[in-house]
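Survey of secondary and tertiary structure
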Amino acid sequence: MRDRDTALLTIDLDAIVANWRLIAARAAPAEAAAVVKADAYGLGAVRVAAALAAAGCRTFFVATIDEGLELRAVLPHPDIFVLSGVLPGPAGDITAAGLIPVLNSLEQAALWQGRAALHVDTGMARLGLEAAEIERLIADPGVLAGIDVDLVCSHLACADEDSAMNADQCQRFRLLADRLGLGRRRSLAASSGVFLGPAFHFDLVRPGAALYGVNPTPGRPNPMAQVVRLQGKILQVRDVDSPMTVGYGASHRCAGRGRVATVAVGYADGWLRALSNRGHGIIEGGRVPLVGRVSMDLITFDVSAVPASAAHAGATIELIGPGHDVDAVAAEAGTIGYEVLTALGRRYARSYVGGGV
Ligand SMILES: *Cc1c(COP(=O)(O)O)cnc(C)c1O
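As a starting point, this report considers the structure included with it. Note that this is a predicted model, so its numbers are computed, not measured.

**Thoughts on the pattern of salt bridges**
If you walk through the whole model with that rule in mind, you get 14 salt bridges. One salt bridge in this structure joins Glu31 and Arg58, with 3.3 Å as the shortest N-O distance. With Glu31 in strand β2 (residues 31-32) and Arg58 in the loop between α3 (45-54) and β4 (59-62), this pair connects stretches of sequence that are 27 residues apart. Taking the relative accessible area as the measure of exposure, Arg58 reaches 52% and is therefore exposed. The closest approach of N and O atoms between Glu31 and Arg185, which form a salt bridge, is 3.2 Å.

**Digging into the side chain of Thr300**
With respect to the element layout, Thr300 can be found in strand β17 (residues 299-302). Using a relative accessible area of 12% as the deciding quantity, one classes Thr300 as buried. Here the side chain of Thr300 touches Val291 through a polar contact of 2.7 Å, landing on its backbone oxygen. Once residues within four sequence positions are removed from consideration, Thr300 is found in contact with Val246, Val260, Ala261, Thr262, Pro289, Leu290 and Val291.

**Considerations on empty space enclosed by the protein**
One pass over the structure, following the stated rule, counts two cavities of 30 Å³ or more. Estimates place the volume of the largest cavity at around 40 Å³. In terms of lining, the largest cavity is formed by Thr6, Ala7, Ala264, Asp269, Arg347, Tyr348 and Ala349. Partitioning the lining of the largest cavity into residue classes produces four nonpolar, one polar and two charged. In this structure, the second largest cavity encloses a volume near 30 Å³. Considering the residues around the second largest cavity, the lining is formed by His119, Val120, Asp121, Thr122, Met124, Arg126, Leu127, Ser154 and His155. Counted by class, the lining of the second largest cavity contains three nonpolar, four polar and two charged residues.

**Thoughts on the packing of aromatic side chains**
Enumeration over the complete set of coordinates arrives at four aromatic pairs. Seen from their ring centres, Tyr41 and Tyr212 are 4.9 Å apart, and the 40° between their planes marks the pair as tilted. Of this pair, Tyr41 sits in helix α2 (residues 37-41) while Tyr212 sits in the loop between β10 (204-205) and β11 (228-240), and the two are 171 residues apart along the sequence. For the pair shown, Tyr41 and Tyr212 are each scored as buried. Ring geometry for Tyr41 and Tyr338: centres 6.1 Å apart, planes at 40°, overall tilted. Taken as a pair, Tyr41 in helix α2 and Tyr338 in helix α11 (residues 337-343) lie far apart in primary sequence, 297 residues in all. Here Tyr41 falls in the buried class, since its relative accessible area comes to 6%. An aromatic cluster is present here, built from Tyr41, Tyr212 and Tyr338 joined pairwise through their rings. The cationic tip of Arg47 hangs over the ring face of Tyr352; the distance from NZ or CZ to the ring centre is 4.4 Å.

**Some remarks on the site of the ligand**
Near the ligand you find 13 residues, and of these Lys37, Tyr41, Ser191, Gly208 and Tyr338 are the closest. Between the ligand and the protein, one listed contact pairs an oxygen atom with a side-chain N or O atom of Tyr41 at 2.5 Å. One of the backbone nitrogen or oxygen atoms of Gly208 is found 2.7 Å away from an oxygen atom of the ligand. For the ligand, whose free accessible area comes to 390 Å², the fraction covered by protein is 89%. Using a 2 Å cut-off from the grid points, one finds that the ligand occupies the largest pocket.

Thresholds applied
Residues numbered from 1 in each chain as written. Predicted model: local features only at pLDDT ≥ 70, side-chain atom pairs only at ≥ 80, totals over all residues. Heavy atoms only, no water. Salt bridge = Lys/Arg side-chain N within 4 Å of Asp/Glu carboxyl O. Helix = DSSP H or I, 4+ residues; strand = E, 2+ residues; numbered from the N terminus. Buried < 20%, exposed > 50% of the residue type's maximum accessible area, 1.4 Å probe, protein only. Polar contact = N/O pair within 3.5 Å; in protein donor to acceptor, adjacent residues only side chain to side chain. Contact = heavy atoms within 4.5 Å. 1 Å grid on protein atoms, 1.4 Å probe; cavity = no way out; pocket = protein on both sides within 12 Å on 5 of 7 lines; lining within 4 Å. Points joined across faces, edges and corners; volume = space filled by probe spheres on them. Nonpolar A, V, L, I, M, F, W, Y, C, P; charged D, E, K, R; others polar. Phe/Tyr/Trp six-rings, centres within 6.5 Å; stacked < 30°, edge-to-face > 60°. Lys NZ or Arg CZ within 6 Å of the ring centre and 35° of its normal. Near = heavy atom within 4 Å. Areas by Shrake-Rupley, 256 points an atom, 1.4 Å probe, with all protein chains shown as cover. Sits in = over half its atoms within 2 Å of the grid points.

Dropping the structure here:
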């Protein structure tokens, strides 16, 4: 961390590549794509995708056309699928950049000519052709005239749980794809789906979160390497010698003697306000509880249990790291690792390590 930095986010590109390779090996002979939507879950789509492309990843998924254009500017060759599909209006940007829309409805299909993926809904009720549209398409394949269906895909609702719905969706997907008789390739699994077994792999898997270290198998040991480290700098340490309260709403009361450290990270940096009086950090291996409310730029920790030689102004506290990973922070905040990652703020100084192949 430079002197002037108040917090540092370190992103390990080698760990992302290792995670992609682990999934690729697990899914083989299916191809492993990489989902880099939402700026690669907050970690920087351009840096992440460049490292993965150098490692051999040939297929990327983004959510929006703008995300696709950002990626195309640095990656001339790989396939880039756009999950939101096409919207009414000129499609010039998509065609010029050679992006491939994922067509989610017959309405979207009517707007498109050329190579595409076709998304069929098998139980998510979010995006994808619904049952009536699929029947219409089977009755009249001419509806897709001029569309070169490369990939038929669907998305699992409960892949991170041991749910009967997984096998149901898998069977429904197989049946629908067979009846449609469209597409050169099929894809069903995202991160957690990869770990449901070969029946879910089809021709292409689409992992996102697992590449970034989130556990795709909740309740079981995390097979993925940790990618993110977040360190905050202590701005001030206050000695408490009489009962007093800390922060907005006076929601924490220090009963006796102790010390409180103020760290330069807040909800504007994506340190979720739900972590008020709940989260913790790590100083030289020791856990320190977050006390008081998370404010916009600052959080406070009770560092009474840590020697003053470790918890002093200018020292760093680990907020996300090996001893306190993304999923652990998410559990404390009552959310999922996906939200913790995608909330990571733009204000952190960032350091990328690795990424050369
Ligand atoms: C976001 C997304 C993925 C990636 O999901 P992860 O759980 O992050 O692996 C794959 N497919 C679709 C359609 C998605 O929207």
